[in-house]
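Spelled out from the first residue to the last, the chains are:
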Amino acid sequence: NEKNDITSTTYTSLSKRFINTLRMKGDVQPILDSIANVEEAVLAAELINDDSRKAFWINVYNGYIQVLLQDNPELYKARGAFFRAKRITVAGKKLSFDDIEHGIIRRSKIKLSLGLLSKWNISDYEKKFRCDQVDPRVHFALNCGAKSCPAVVAYDAKQINEQMNKSTINHLQATSKYDKETNRVYITSLFNWFRGDFGNKVGIRQFLKVYEVLPEDAKKTAISYNTYDWTLYLENYID
């Protein structure tokens, strides 16, 4: 159980509380202060595996999207600059949304490389906190504030595998359509932008079979990517 005293709870639990408090329109400032001021070594000692890392960093990313864009929706008009700006303080380090998504969660990927290339110069901070493996399901968990983004869930380190599977199923059901007659599948552009994370087209088709968007016996299905709706859409929470 999460305790009322912020100092006595784990940071993964605190990140989950961040999302739940936002959803209930409570005061998140004490949570943000705690996450900003925790010592790097203390946080690193807690985020010891990818389950805890994904839960913490996805919640921090999704929560800060809500905080910053509710306060100043104008920031979203220059999206590239918004994602690059270092406005999020975690363990004394100022980070951008790009730092969290591509550096930490996606293990030092170069943003515009379709998931195919990794960075050479990696900070000690990033090495300390980044995930060991790239989990393509993160693309159905991260919410960047757009209407086409997946819904926001309060992720729990102990249940994250089950939660991410559910988020993936929910988003794929809402955004995918398979036309059996033409053997063509229509899917979110996330698959195109991060194709390397899924293992390119062969991996994408296999992923779609695992999640029952495509039938198991489908062969060389043609792929079309849906237009992404970048309209600002906040408070898209789901249990």
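Above this note sits the structure.
Residues numbered from 1 in each chain as written. Predicted model: local features only at pLDDT ≥ 70, side-chain atom pairs only at ≥ 80, totals over all residues. Heavy atoms only, no water.

Undergrad: Let's hear about helix α11 (residues 200-210): which residues, and what values?
TA: Of the residues making up α11, those classed as buried are G203, I204, F207, L208 and K209. Of the surrounding elements, those touching the buried residues of α11 are α8 (160-175), β4 (184-187), α9 (190-193), α10 (195-198) and β5 (222-225). (Buried < 20%, exposed > 50% of the residue type's maximum accessible area, 1.4 Å probe, protein only. Helix = DSSP H or I, 4+ residues; strand = E, 2+ residues; numbered from the N terminus. Contact = heavy atoms within 4.5 Å.)

Undergrad: Explain the nonpolar core to me, and be specific about the residues and the numbers.
TA: Grouped together as the largest cluster of nonpolar side chains are 68 residues, with contacts concentrated most on L43, F56, W57, F82, V90, F97 and F191. It is helix α4 (residues 50-71) that provides the largest number of residues to this core, a total of 11 residues. Excluding anything up to four places from it in sequence, F191 contacts F140, L172, F198, I204, F207, L208 and Y225. (Core = buried A, V, L, I, M, F, W, Y, C linked by side-chain atoms within 4.5 Å.)

Undergrad: Describe the sheet that holds β5, naming the residues involved and giving the relevant values.
TA: Spatial ordering of the open sheet is given by β3-β4-β5, a layout of three strands whose pairing is mixed. Sheet topology places β3 (177-179) and β5 at the edges, where each strand pairs with a single neighbour. Across this sheet, the average inter-strand angle for adjacent strands is 20°, counted without regard to direction. In the sheet, β3 pairs with β4 via three bridges, with the strands oriented antiparallel. Residue K177 lies in a different strand from β4, and its bridge partner there is Y186. Together, β4 and β5 form the strand contacts of α11, whose direction differs from that of β5 by roughly 90°. (Pairing = 2+ DSSP bridges. Axes fitted to C-alpha atoms, helices over the stretch in contact; angles between N-to-C directions.)

Undergrad: Account for a nonpolar patch on the surface, naming residues and giving values.
TA: A contiguous nonpolar surface patch, about 260 Å² in accessible area, is contributed by I110, L116 and L117. Note on placement: L117 falls in the loop between α6 (97-105) and α7 (124-129). (Patch = residues over 30% accessible without salt bridge, like charges linked within 9 Å, V, L, I, M, F, W, Y side chains within 5 Å. Areas by Shrake-Rupley, 256 points an atom, 1.4 Å probe, with all protein chains shown as cover. Salt bridge = Lys/Arg side-chain N within 4 Å of Asp/Glu carboxyl O.)

Undergrad: Residue-level account of the pairing of β4, with values.
TA: Residues V185 and I187 line the buried face of β4, whereas the alternating positions R184 and Y186 sit on a face that is not buried. Where β4 and β5 come together, four bridges link them in parallel fashion. The residue of β5 that forms the bridge with V185 is I223.

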